[in-house]
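What follows is each chain in one-letter form.
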Protein chains: 4
Amino acid sequence: MKNIGINGYGTIGKRVADAVSAQDDMKIVGVTKRSPDFEAQMAVKKGYDLYLSAPEKESQFEEAGIEVSGTADELFEKLDLVVDCTPGGIGSQNKTDIYEKIGLKAIFEGGEDHDAIGSSFNAEANYESNIGKDYVRVVSCNTTGLCRTLKPVYDLAGIKKVRAVMVRRAADPNDAKKGPINAIVPTTEVPSHHGPDVQTIIPDVTVITMALMVPTTLMHTHNIMVELENNVTTDDVLDAFKEAYRVLPIQKSLKLGSTAEIMEYAKDLGRSRGNMYEIPVWEESVNVEDGELFYMQAVHQESDVVPENVDAIRAMLELEDDGEKSIIKTNKAMGIL
Amino acid sequence: MKNIGINGYGTIGKRVADAVSAQDDMKIVGVTKRSPDFEAQMAVKKGYDLYLSAPEKESQFEEAGIEVSGTADELFEKLDLVVDCTPGGIGSQNKTDIYEKIGLKAIFEGGEDHDAIGSSFNAEANYESNIGKDYVRVVSCNTTGLCRTLKPVYDLAGIKKVRAVMVRRAADPNDAKKGPINAIVPTTEVPSHHGPDVQTIIPDVTVITMALMVPTTLMHTHNIMVELENNVTTDDVLDAFKEAYRVLPIQKSLKLGSTAEIMEYAKDLGRSRGNMYEIPVWEESVNVEDGELFYMQAVHQESDVVPENVDAIRAMLELEDDGEKSIIKTNKAMGIL
Amino acid sequence: MKNIGINGYGTIGKRVADAVSAQDDMKIVGVTKRSPDFEAQMAVKKGYDLYLSAPEKESQFEEAGIEVSGTADELFEKLDLVVDCTPGGIGSQNKTDIYEKIGLKAIFEGGEDHDAIGSSFNAEANYESNIGKDYVRVVSCNTTGLCRTLKPVYDLAGIKKVRAVMVRRAADPNDAKKGPINAIVPTTEVPSHHGPDVQTIIPDVTVITMALMVPTTLMHTHNIMVELENNVTTDDVLDAFKEAYRVLPIQKSLKLGSTAEIMEYAKDLGRSRGNMYEIPVWEESVNVEDGELFYMQAVHQESDVVPENVDAIRAMLELEDDGEKSIIKTNKAMGIL
Amino acid sequence: MKNIGINGYGTIGKRVADAVSAQDDMKIVGVTKRSPDFEAQMAVKKGYDLYLSAPEKESQFEEAGIEVSGTADELFEKLDLVVDCTPGGIGSQNKTDIYEKIGLKAIFEGGEDHDAIGSSFNAEANYESNIGKDYVRVVSCNTTGLCRTLKPVYDLAGIKKVRAVMVRRAADPNDAKKGPINAIVPTTEVPSHHGPDVQTIIPDVTVITMALMVPTTLMHTHNIMVELENNVTTDDVLDAFKEAYRVLPIQKSLKLGSTAEIMEYAKDLGRSRGNMYEIPVWEESVNVEDGELFYMQAVHQESDVVPENVDAIRAMLELEDDGEKSIIKTNKAMGIL
């Protein structure tokens, strides 16, 4: 039973905490928090010991009646591995300032640069190459989404070139400050950052992306066009998606014609916090024409990377040598289809 | 163990089914569905027997691979009580066309007219007057929200007059067809329908409402001004809200400053489908000035009426004579704070 | 022909510039700008001389190819009056730091405090009391909206108490940064700031407001309930609204059932920038019941105060002693109905 | 001075009416309307004679106080050409049921099928081939947008293949009924209809499109990737866009980073109804890499086709043989940059 901590108990951190707790070979020893908001309150109610990233704010926690177990530094001493879910850029600093100094293994999220961490992770694509590593970065929600479906296509048919347009939700569902309310905001640099990022996982594949933000909070969508090396049919691709562990082809008869209905489906599945860990692919959008594959998928930003974090822990702590076995174990514990 | 059925397994129906299943004195015998969409699929996966409202569509269910246990009429024969969650107006027809003919007790939702059903229900306000009744209407999400907070105020201080402006979310979260995308749509009839509807529950209280729709899918909000009979303080009112069983005063320090954050809080509470059964009231908005009480509350349209349905079953089937005991039992089983 | 300048050529400033230019007794001598964005470009294209609020940025304007006529200080020397449309709070500083020192009359907008400026203005309510004044504040878009309809009601029937719920658009139409995308954000302080602000214009009237922000960019709406002193009918009120100069009762047959359709109507009216200078009141929402008046109105934040600025200029520079004559003159020049 | 009528005075029809009125070789003789809403009221106020598509509703117009000049059939007799702006599919019926029978030339909009009309039109791409034609279809807003920028690229560098992802606003700005409020709705058929439609204008070019709807009302955006035949630079493409008559490259320094700001720019340009007749292309998004061109553009659905209708009239009535001269004449009269 390995001792795991979460540094930054926010949108991703709280989900990773729950996912780790659902496993039988690792447990949460504590989580860190900066301010005594509702997430701090709920962490304690759920039974996670709370440690302070900013010890000078201890009195604020006291006033709010939220019990504190110590400082972040005290937590780190108890851990086999920390999952760093702090905002983008802070993780890299923590690596050099803290984790390397005390010799603590750490996982980072997609907001950190690949080069600052040294190794990037996606369970189905490169589990084995991360076994025993000290510092690993789980790629971003969007890169995870691309890797999940591109890897099976790559294995099936080879890939000459990928073009993808990423239509991004502009804010998290619980964010009432960010907009736009009524506009489309293009990211006018082409290619945007997802292309090179996919190559940290699947090195041979050229991915060109364009991205824009739209006024919705639920899911990103990816509109993907893949020039294939070899001749395959639409059904071959659908079969490959069905066999992949964390891809969820969506039948037309289920009437899940938008991201809103997919989020409702996740709630109906009984998922904690309405999470959709899989990458849903609209089945009827999958189409091979003239050697090019087209498909549309959605990405639940808060949760698709969560099971990847669990698998990364297992690889780094050498709890399991076979990536597929880890994936199956993680999926079962989390109720992934 | 009473046998309950759900006629209309949709947004409300599926939540009532889960709430009934969580009790120890009643169980779900079956649910009805018209088309083989994802909700039908999930009903069967969750273990609810599925019956057809439109038996002529049986082949569609077969094609979709969704198992069917019979027709709605066959289900009704097995029941002690049916909860009718069909769209507004259909319930009243079902009452005369079906339930009265076969002598089946039935609960209806707020989309039906009070006069068509004969009795309206809110657990804290009038449980006892519905004991043993055959046909009862659980009032709408908005009327339930108003009754939840107005009843304690009425008991505490008396009410001369209530003025409320209801700011309504325009569509359900899983509805990708309805708008507006970027507009405010006033309901230009004043008073709108909630005023008289509250009087079906608290007869002496005059409630005048104005309503408008805004482009959000999460929760309604109510902006309430109450002219009081007697002199009380802001703290008196807060205490009354804290003592009420399904009202949830929200402390400012929790940083739940919008409906978005409250919905995130519901997810963090581990609530099934992110439900918020209580009526959240922003504590710092509660204010008594010159004999008038002001406050702001939110209403989770999909779920605030769900525990009321459970209590209504208990009253109608005489499983419990004391409303407060039923409320406590329901709340405990559903994890209501 | 009086010489007017605009300090801050943004959302309000550019509209006031056009409105002043449409009059025959005043003209725009120049406008100020901080950065060389599209508004700066368009100011020059429209023929307004451009002066720099931040002279150190001159090279940026040069690079962008936008012609500059001097510094803001140089502009101020040429003026009979400046309209200060800088962001809230800056205007009061400019008053003490600049305008008072050089003896320049100035108008401020609703973002400044009444006390900092000394006099507040609404043409139909208190034109005459601002004649010859040096520093005048045109009240905010929301207060202007309230005054426009409350003044005729006050004159007609007397007012005991006003309760209003202000449903505010959360961002300007050209703002792609502010949210919320999908939430309602209550302003939990009651009463909010509009009540006392109305009293700077109509001193005897008690106005209690509650406010919330919703995800739309088009118009605010006001939901208003007025306890009347004297007995009048709904038709009396409608007649008073029709006689008011800048109130626009909207007939139901026109099918203008939302703020979106009203904005389209403004475009169809041929209004510059789609402005709606009048306060539209949905006719069928106007209703007197038991001595209380109910109605719903909308406010076009960018433009309702614009004609007020023109009238304020006329009062302060003593171009016209009769407020009604100024209103008629302004309206005619601007195409106000 | 040719006599032109508008059948269907709605979103497009009213804009075409104004554009025709701005020319010196054609005029509006009358417009048709089905119901007495605000657009009917404004048509009369603007001086357009109003004719009834549904003569049986004459009394409704009388009640609303809107003057009527006769029936649609009476209007058609007075015309040299009718612009049919009725909802998609009605135009084709009108062609066979009415216009062909009375020998009236007619223009149709993009909601009609190419095959039903026989000829499709874009001024810069194929003006000359439509000279003297009786029935011509102005292609849709999206196809017009694609043709405007693809034609110059085709002429400059040749095109192997175009891939485009169309991110569509889900509703018109004045539509308060359609959603989604908070969702992305993919069009899961690939390729969607714009590809073949571009070929009705530029026959040799293969265009593959994917489309989705997002919760905004302002503009569509197109994310375009073009495999080029010949080697050109980014600057070559920018120059070609600058030379095109109805393409508007947007410099980064203007800070027009979203569709919201572009719509504000159109208002600042003094455009009637805030129209943006040109196709704005974000300059910094234009990029040639490895023989492939990338760029992002926006489309103002209500107005980009409007000048095309004017040019189509001129071609069909043989008022001008040279397409470029017609474009220049139209642009000048409409204030197109």
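Residue positions are counted from 1 within each chain, in the order its sequence is given. For naming, the first written chain is A and the first written ligand is 1, with later ones following in the order written. Residues qualify for local features only when their pLDDT is at least 70, as the model is predicted, and side-chain atom pairs are given and counted only at 80 or more; totals for whole chains, interfaces and linings, by contrast, use all residues. Only hydrogens and water are set aside when side-chain values are computed; all heavy atoms of the structure are taken into account.

In this section: the overall build of chain A. Helix and strand assignments come from DSSP, with helices taken as H or I runs of at least 4 residues and strands as E runs of at least 2, each series counted from the N terminus. Of regular secondary structure, chain A possesses 13 helices and 16 strands. Two things to know: the radius of gyration comes from C-alpha atoms, and the globule rule equals 2.2 Å times the number of residues to the power 0.38. Here the C-alpha atoms of chain A give a radius of gyration of 20 Å, agreeing with the 20 Å that 2.2 N^0.38 yields for 337 residues. Counting only C-alpha atoms and orienting by the principal axes, one finds that chain A spans roughly 65 × 45 × 40 Å. Buried residues are those whose accessible area, probed at 1.4 Å on protein chains only, stays under 20% of the maximum for their type, while exposed residues exceed 50% and partly exposed ones sit between those limits. Here chain A holds 337 residues, and the buried ones make up 66% of them. We call two residues contacting when some pair of their heavy atoms lies within 4.5 Å. The contacts in chain A between residues at least 6 apart in sequence include a share of 73% that link residues at least 24 apart.

Attention now moves to the relation of the copies chain D and chain A. Here the second copy of the chain follows from the first by a rotation about an axis and a shift along it. Copies are brought into register by a least-squares superposition over C-alpha atoms of residues with pLDDT of at least 70 in both. Superposing chain D onto chain A requires a rotation of 180° together with a translation of 0.0 Å along the rotation axis, leaving an RMSD of 0.0 Å. Seen this way, the second copy is the image of the first under a two-fold rotation axis. Of every C-alpha in chain D, the one belonging to proline 215 of chain D sits nearest the axis of rotation, 3.1 Å from it. Of the interface residues in chain D, 100% have counterparts in chain A that sit at the interface too, so the contact is made through matching surfaces.

Of note, valine 83 of chain B is situated in strand 5 (residues 81-84). Leaving out residues up to four positions away in the same chain, valine 83 of chain B has contacts with Ile4, Gly5, Ile6, Asn7, Val16, Ile107, Glu109, Asn309 and Ile313 of chain B.

Here we come to a negative patch on the surface. Each patch is assembled from residues with relative accessible area greater than 30% and no salt bridge, linking like charges that lie within 9 Å and nonpolar side chains (Val, Leu, Ile, Met, Phe, Trp, Tyr) that lie within 5 Å. For accessible areas, the Shrake-Rupley method is used with a probe of radius 1.4 Å. Any residue's cover is judged against the shown protein chains and nothing else. Note on definitions: salt bridges are taken to be side-chain nitrogens of Lys or Arg within 4 Å of carboxyl oxygens of Asp or Glu. Here Asp and Glu are counted as negative and Lys and Arg as positive; His is not counted, and neither are the chain ends. Charge coordinates come from a single atom per side chain, which is NZ of Lys, CZ of Arg, CG of Asp or CD of Glu. On the surface, Asp235, Asp236, Asp239 and Glu243 of chain A cluster together into a patch of negative charge. As for its position among the elements, aspartate 236 of chain A is in helix 10 (residues 234-243).

Within the largest apolar cluster, 62 residues are counted, with the highest numbers of intra-cluster contacts made by Val167, Tyr265 and Met276 of chain B together with Val167, Tyr265 and Met276 of chain C. With sequence-adjacent residues up to four places away left out, tyrosine 265 of chain B is seen in contact with Phe38, Gln41 and Met42 of chain A together with Leu248, Leu254, Leu256 and Met276 of chain B. In this structure, Val167 of chain A, Ala176 of chain C together with Leu254 and Ile262 of chain D belong to the second largest nonpolar core, which totals 61 residues. Residues enter a nonpolar core if they are buried and are Ala, Val, Leu, Ile, Met, Phe, Trp, Tyr or Cys, with the set joined through side-chain atoms within 4.5 Å.

The next subject is the packing of aromatic side chains. Stacked, tilted and edge-to-face pairs are distinguished by plane angle, under 30 degrees for stacked and over 60 for edge-to-face with tilted covering the rest, among Phe, Tyr and Trp rings (Trp via its six-membered ring) whose centres lie within 6.5 Å. Inspection of every chain in the model, using the stated rule, returns 28 aromatic pairs over all chains. Look at phenylalanine 76 of chain D and tyrosine 99 of chain D: their rings are 5.7 Å apart centre to centre, the planes differ by 85°, and that puts the pair in the edge-to-face class. Of this pair, phenylalanine 76 of chain D sits in helix 4 (residues 72-76) while tyrosine 99 of chain D sits in helix 5 (residues 90-102), placing them 23 residues apart in sequence. For the pair phenylalanine 76 of chain D and tyrosine 99 of chain D, a shared accessibility class is recorded, and that class is buried. Both rings, one in tyrosine 99 of chain D and one in phenylalanine 108 of chain D, keep their centres 5.9 Å apart while their planes meet at 45°; by these two values the pair is tilted. Residue tyrosine 99 of chain D shares its accessibility class with phenylalanine 108 of chain D, and that shared class is buried. The rings of Phe76, Tyr99, Phe108 and Tyr135 of chain A are connected pair by pair, giving a single aromatic cluster. Only when the NZ of Lys or the CZ of Arg is both within 6 Å of the ring centre and within 35 degrees of the ring normal is a charge said to sit over the ring. Taking NZ or CZ as reference, lysine 95 of chain B lies 5.2 Å from the ring centre of tyrosine 135 of chain B, over its face.

A word on the pairing of strand 1 (residues 2-7) of chain A. All names here are of chain A. Think of it this way: DSSP has to see at least two bridges between two strands before they count as a pair. Sheet topology places strand 1 next to strand 2 (residues 26-33); five bridges connect them, and they run parallel. Note on strand 2: the bridge partner recorded for glycine 5 is glycine 30. Looking down the strands as they point away from the viewer, one classifies a crossover as right-handed if the path from the first strand across the helix to the second runs clockwise. For the segment spanning strand 1, helix 1 (residues 11-21) and strand 2, crossover handedness is right-handed. Here four bridges tie strand 1 to strand 5 (residues 81-84), and the two strands are oriented parallel to one another. Note on strand 5: the bridge partner recorded for glycine 5 is valine 82.

Another aspect to go through is the domain arrangement of chain A. Residues and elements named next belong to chain A. Examined at the domain level, chain A breaks down into domain 1 (2-139 + 305-334) and domain 2 (141-299). An automatic or database domain assignment supplies the residue ranges for each domain. Between the C-alpha centres of domain 1 and domain 2 there is a distance of 26 Å. At the interface, 27 residues of domain 1 touch 17 residues of domain 2. Joining two parts hides part of their accessible area as seen by a 1.4 Å probe, and the buried area is that hidden amount summed over both. With both chains or domains summed, domain 1 and domain 2 bury close to 2000 Å², and 48% of this area falls on carbon and sulfur atoms.

Taken together, the 29 residues of chain C in the interface contact 29 residues of chain D. A combined buried area of about 2800 Å² lies between chain C and chain D, and 53% of that area is made up of carbon and sulfur atoms. Counting the surface chain C buries against chain D, the share from its top three residues, Phe38, Lys267 and Asp268 of chain C, is 23%. At the junction of chain C with chain D, the criterion picks out six salt bridges. Close ionic contact of glutamate 264 of chain C with lysine 14 of chain D constitutes a salt bridge, the shortest N to O distance being 2.6 Å. Between N or O atoms, a polar contact is any pair within 3.5 Å; within protein, one atom must be a potential hydrogen donor and the other a potential acceptor, and residues adjacent in sequence are included only when both atoms are from side chains. Our enumeration of links across chain C and chain D arrives at ten residue pairs in polar contact (both at pLDDT 80 or more). For the side of chain C that touches chain D, the leading source of residues is helix 11 (residues 259-268) of chain C, giving six residues. Asp, Glu, Lys and Arg are counted as charged, while Ala, Val, Leu, Ile, Met, Phe, Trp, Tyr, Cys and Pro are counted as nonpolar; the rest, among them Gly, fall into the polar class. Grouping the constituent residues of the side of chain C that touches chain D by class yields eleven nonpolar, six polar and twelve charged.

A word on the relation of the copies chain C and chain D. Here chain C sits on chain D after a turn of 180° about the axis and a move of 0.0 Å along it, with an RMSD of 0.0 Å. Of the interface residues in chain C, 97% have counterparts in chain D that sit at the interface too, so the contact is made through matching surfaces.

This next bit is on the packing of helix 1 (residues 11-21) of chain D against helix 12 (residues 306-316) of chain D. Residues and elements named next belong to chain D. Only the contacting stretch of a helix is used when fitting its axis, a line to C-alpha atoms as for every element, and angles between N-to-C directions run 0 to 180 degrees. Where helix 1 meets helix 12, the axes come as close as 9 Å, and the angle between the chain directions of the two elements is 55°. Taken together, the axis directions place helix 1 and helix 12 in an arrangement best described as oblique. Note on packing geometry: the crossing formed by helix 1 with helix 12 is right-handed. Of the residues in helix 12, those touching helix 1 at Arg15, Val16, Ala19 and Val20 are Val306, Asn309, Val310 and Ile313. Here is the rule for angles: anything less than 35 degrees is roughly parallel, anything more than 145 is roughly antiparallel, 65 through 115 is roughly perpendicular, and the remaining ranges are oblique. By convention, the crossing between two helices is left-handed when the near helix turns anticlockwise from the far helix through less than a right angle, and right-handed when the turn is clockwise.

The next subject is the interface of chain D and chain A. The interface is formed by 44 residues belonging to chain D together with 44 residues belonging to chain A. Buried area between chain D and chain A, summed over both chains or domains, comes out near 3400 Å², and the portion from carbon and sulfur atoms is 65%. Considering only the side of chain D, the residues that lose the most area to chain A are Ile184, Thr188 and Met210 of chain D, jointly responsible for 18% of the buried surface there. The shortest N-O distance in the salt bridge between lysine 161 of chain A and glutamate 292 of chain D comes to 3.1 Å. Contributions of two or more residues to the side of chain D that touches chain A are made by strand 9 (159-169), strand 10 (185-187), strand 11 (207-214), strand 12 (220-228), helix 11 (259-268), strand 15 (287-289) and strand 16 (292-299) of chain D.

Because each turn of an α-helix spans 3.6 residues, side chains separated by three or four positions end up pointing in the same direction. Residue and element names in this part refer to chain D. Over its 17 residues, helix 8 (residues 141-157) runs 24 Å from end to end, which matches the ideal 24 Å to within 8%, given 1.5 Å per residue. At any given residue, the bend is defined as the angle formed between two axes, one fitted to the seven residues that end at that position and one fitted to the seven that begin there. Largest kink in helix 8: about 30°, centred on leucine 150, with the proline proline 152 one to four residues after it. Taking burial as the measure, the 17 residues of helix 8 include 14 buried ones, the bulk of the element. Looking one or two residues beyond helix 8, the residue adopting positive phi is glycine 158, at roughly 70°. What a helix is expected to span follows from its residue count: subtract one and scale by 1.5 Å.

Within the structure shown, the criterion is met by 106 salt bridges over all chains. Residue glutamate 100 of chain A is joined to lysine 95 of chain A by a salt bridge in which the shortest nitrogen-to-oxygen separation is 3.0 Å. Classification of lysine 95 of chain A by relative accessible area gives buried; the value is 9%. Aspartate 172 of chain A serves as the salt-bridge partner of arginine 169 of chain A, at 2.6 Å between the closest nitrogen and oxygen. Residue arginine 169 of chain A is classed as buried on the basis of its relative accessible area, which comes to 3%. One network of salt bridges, with partners in common, ties together Lys14, Asp18, Lys33, Asp37, Glu39, Lys46 and Arg273 of chain A together with Glu264 and Asp268 of chain B.

The next subject is the packing of helix 11 (residues 259-268) of chain A against helix 2 (residues 38-45) of chain B. Any two packed helices are characterised by how steeply their axes cross, that is the angle between the axes, and by the distance between the axes. Following both chains from N to C, one finds helix 11 of chain A and helix 2 of chain B inclined at 10°, their axes separated by 10 Å at the closest point. Compared by their axis directions, helix 11 of chain A and helix 2 of chain B come out roughly parallel. Residue-level inspection shows Glu261, Glu264, Tyr265 and Asp268 of chain A of helix 11 of chain A in contact with helix 2 of chain B, the latter providing Phe38, Glu39, Gln41 and Met42 of chain B.

So, on to unusual backbone geometry. When glycine is set aside, most residues are seen to have a negative phi, and most peptide bonds are trans. A cis amide bond links glycine 179 of chain A with the next residue in sequence, proline 180 of chain A, at an omega value of 10°. Relative to the helices and strands, proline 180 of chain A resides in the loop between strand 9 (159-169) and strand 10 (185-187). With phi around 50°, glutamate 318 of chain B is a residue other than glycine that occupies positive phi space. Positionally, glutamate 318 of chain B belongs in the loop between helix 12 (306-316) and helix 13 (323-334). A positive phi angle, close to 55°, is found at arginine 273 of chain C, a residue other than glycine. One can find arginine 273 of chain C in the loop between helix 11 and strand 14 (279-282).

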